[in-house]
Amino acid sequence: VTTFDSYTIGEFFLYISGLNHTNVTVQHFNPNNKYCVIGDQCNLHFKSIGLTLDDILYEELRKDSPLSQQIVSIKVSAGLVTLMFVAGLINSFLSFITFQNKEAQQVGCGLYLLASSVTSFLTISMFFVKFWFVVLTQIDDSTNILIHQSGCKSIEPILKFFLYFDGWLNACVAIERAFHVYKGVTFDKQKSRLVARWIIVILPLCVLLTFVHEFIYRNVFSYEVSGNGTQVMNARRYDWCVTGYSLAVQTYNTIILFVHLFGPFVANLFSALFIVFGVARTRSKTQKSQNINLLIRKQFNEHKQLIISPMVLLALSVPRLVISLLPGCVNASENLWLYLSAYFISFMPSILVFLIFVAPSKLYMKTFKDSFKKWRHRTRQ
């Protein structure tokens, strides 16, 4: 009996779908454990949890057809990705000229947001590259396998690096704002800037080290099939960027996924809650004559802009959290727009830095206007 990944083929019940190529969904007899594979009975690759852009678009792309002949969902996606890239470019430019001003760097938040204005642009740029790489290489049968392999091994890990790094920078902003509100007039601005500089240097190294394994285990799974799903000479080749983790690495990868997605999520959530409830409770001890509910409302009104930012980031991070934890047995074609929307929304924080952090703040808006006037004056000279 042929074995695969500690299970025997005889232990599985195979479902062959009627797609344009052989696609096998493998279900273990235990209904609580499902595994999906691509390929055919003699050439299988098991898919792990989570959906990538490759998984979502793979069945929708028409081989050897230009973009003008692709289905509507691909055309609309291409337009949205291009629009998001342009919006990200504008967002990063406006954010950068705001936070490069020394007035915005009086505390660590300004340094975090200056770094975020750069990483957000790099994130949305890699998202743009990722989308077009998947589309162009999948619709062109003549794409060299080396191009598939180089893109598979590099683009997705680099995209994840910038995305996670940017998420942690936003979490740092939320944490420092909560700490600033808590300390009040005793907040040490100089120490805040020093800590921020060290974190901006150390944090990307920590993030990168957590998923170095992706550069090693990511590879292109290739198989050739004819129109009826039988492997023959000169059949059409299919290439899919996949990961081939061992059980131990898969467990580690899942833990890292939770850390990078739940970490900023929790940091933003508890920072927002602390600003409202924690500070209100602390002040109620010194202002005993005031009602706690009144103090909570007062804190909310006073620090509204500090609460809006993390809550918006929370909402935008949920879709990525969901699609990253979906089981391998998901047919993305059945709910294509749902999965595409969730994937695209997860990159929205990278194009909303200015609207989330600058627009609600009177101080940052004043800094932006001053910096923008200086920039326009320099460009006219």
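For clarity, every value in this text was computed on a predicted model and none was experimentally measured. (Residues numbered from 1 in each chain as written. Predicted model: local features only at pLDDT ≥ 70, side-chain atom pairs only at ≥ 80, totals over all residues. Heavy atoms only, no water.)

Thoughts on the overall build of the protein chain
Helices and strands together make up the secondary structure of the protein chain, namely 12 helices and eight strands. The buried share of the protein chain, taken over its 381 residues, is 48%. Of the contacts formed within the protein chain by residues at least 6 apart in sequence, a portion of 70% connects residues at least 24 apart. When the accessible surface of the protein chain is split by element, carbon and sulfur atoms take 64% of a total near 19,300 Å². (Helix = DSSP H or I, 4+ residues; strand = E, 2+ residues; numbered from the N terminus. Buried < 20%, exposed > 50% of the residue type's maximum accessible area, 1.4 Å probe, protein only. Contact = heavy atoms within 4.5 Å. Areas by Shrake-Rupley, 256 points an atom, 1.4 Å probe, with all protein chains shown as cover.)

Examining the side chain of histidine 260
Here histidine 260 shows up in helix H7 (residues 247-286). Take histidine 260: its relative accessible area is 6%, and that puts it in the buried class.

A look at the state of the cysteines
Counted under the stated rule, the structure contains zero disulfides. Sulfur of cysteine 172: no disulfide; nearest cysteine sulfur belongs to cysteine 109 and is 9.3 Å away. (Disulfide = S-S within 2.5 Å.)

Brief notes about the UniProt feature "transmembrane region" (unreviewed entry) in the protein chain
Mapped onto this numbering, the UniProt entry annotates "transmembrane region" (unreviewed entry) at residues 76-99, 111-133, 194-216, 255-280, 306-326 and 338-359. Secondary structure across residues 111-133 comprises 100% helix and 0% strand; the distance between its end C-alpha atoms is 33 Å. Overall, residues 255-280 shows 100% helix and 0% strand. The separation of its end C-alpha atoms is 35 Å. (UniProt positions renumbered as here; feature names shortened; annotations may be inferred.)

Some points on the packing of aromatic side chains
As enumerated under the stated definition, the model contains 20 aromatic pairs in all. Ring centres of phenylalanine 127 and tyrosine 343 lie 6.1 Å apart, and the angle between their planes is 40 degrees; on these two criteria the pair is classed as tilted. Here phenylalanine 127, found in helix H3 (residues 108-139), pairs with tyrosine 343, found in helix H10 (residues 336-345); they are 216 residues apart in sequence, far enough to count as distant. Taking the relative accessible area as the measure of exposure, phenylalanine 127 reaches 0% and is therefore buried. Centroid distance phenylalanine 131 to tryptophan 132: 5.3 Å. Interplanar angle 90 degrees. Geometry classified as edge-to-face. (Phe/Tyr/Trp six-rings, centres within 6.5 Å; stacked < 30°, edge-to-face > 60°.)

Observations concerning the environment of alanine 87
Note that alanine 87 resides in helix H2 (residues 72-99). As for alanine 87 and leucine 352, which are separated by 265 residues in sequence, their C-alpha atoms are 8.6 Å apart.

Regarding the nonpolar core
Core analysis: the biggest nonpolar cluster contains 65 residues, and Ile56, Leu57, Phe127, Phe131, Tyr343 and Phe347 have the highest contact counts within it. Among the elements that make up this core, the one with the highest residue count is H3 (14 residues). Sequence-distant contacts of leucine 57, defined by excluding residues within four places in its chain, comprise Ile74, Phe131, Val134, Val135 and Leu340. Counting residues in hydrophobic clusters, the runner-up holds eight residues, among them Ala272, Ile275, Ala280 and Leu295. (Core = buried A, V, L, I, M, F, W, Y, C linked by side-chain atoms within 4.5 Å.)

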